[in-house]
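A structural walkthrough
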Amino acid sequence: HCRRYTKRELADRASSAGLEVISCQYFKCAFFLPMWTMAAWERAGFPNRRDSYVTVPSWLNRALAAEIVWEARSGLARHAPFGSALLCVGRRRER
């Protein structure tokens, strides 16, 4: 699935599906610029050298995981106007 949504689009879709949106926020903010750069590179016609699964060294995996935890604890994701992923939390509307 490669569909890209803005925060508003995702919240609207969830609402249209009958959910009351509790929160909708970007996360993995630090990964946005490198991923955007790679996508721009590919759109410019340069070859896609990515694989859908890449094994990284354990120290890098720990560093990336620590960044996501720091971002969540710092509250950055609640206010960031961009990110490489979106999280939308909703519940069924009461009838």
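Quick caveat: nothing in here was measured; it's all calculated off a predicted structure. (Residues numbered from 1 in each chain as written. Predicted model: local features only at pLDDT ≥ 70, side-chain atom pairs only at ≥ 80, totals over all residues. Heavy atoms only, no water.)

1. Concerning the confidence of the model for the protein chain
For the protein chain, mean pLDDT is 84; residues scoring 70 or higher make up 91% of the total. Looking at the elements of the protein chain, mean pLDDT is at its lowest for helix α4 (residues 76–79), recorded as 76, and at its highest for helix α1 (residues 7–16), recorded as 94. (pLDDT = per-residue confidence, 0-100. Helix = DSSP H or I, 4+ residues; strand = E, 2+ residues; numbered from the N terminus.)

2. Observations concerning helix α3 (residues 58–74)
Here α3 spans 24 Å end to end across 17 residues, near enough to the 24 Å set by a 1.5 Å rise per residue. Downstream of α3 by one or two residues, G75 has phi in the positive range, about 85°. (Expected span 1.5 Å × (residues − 1).)

3. Details of α1
Along an α-helix, a turn takes 3.6 residues, which lines up residues three or four apart on a common side. Listing the buried residues of α1 in full gives L10, A11 and A14. The buried residues of α1 occupy one face: seen down the axis, they fall within an arc of 100°. Facing away from the buried surface of α1 by more than 90 degrees, the exposed residues are R8 and S16. Of the surrounding elements, those touching the buried residues of α1 are β1 (19–27) and β2 (85–92). (Buried < 20%, exposed > 50% of the residue type's maximum accessible area, 1.4 Å probe, protein only. Arc of directions from axis to C-beta. Contact = heavy atoms within 4.5 Å.)

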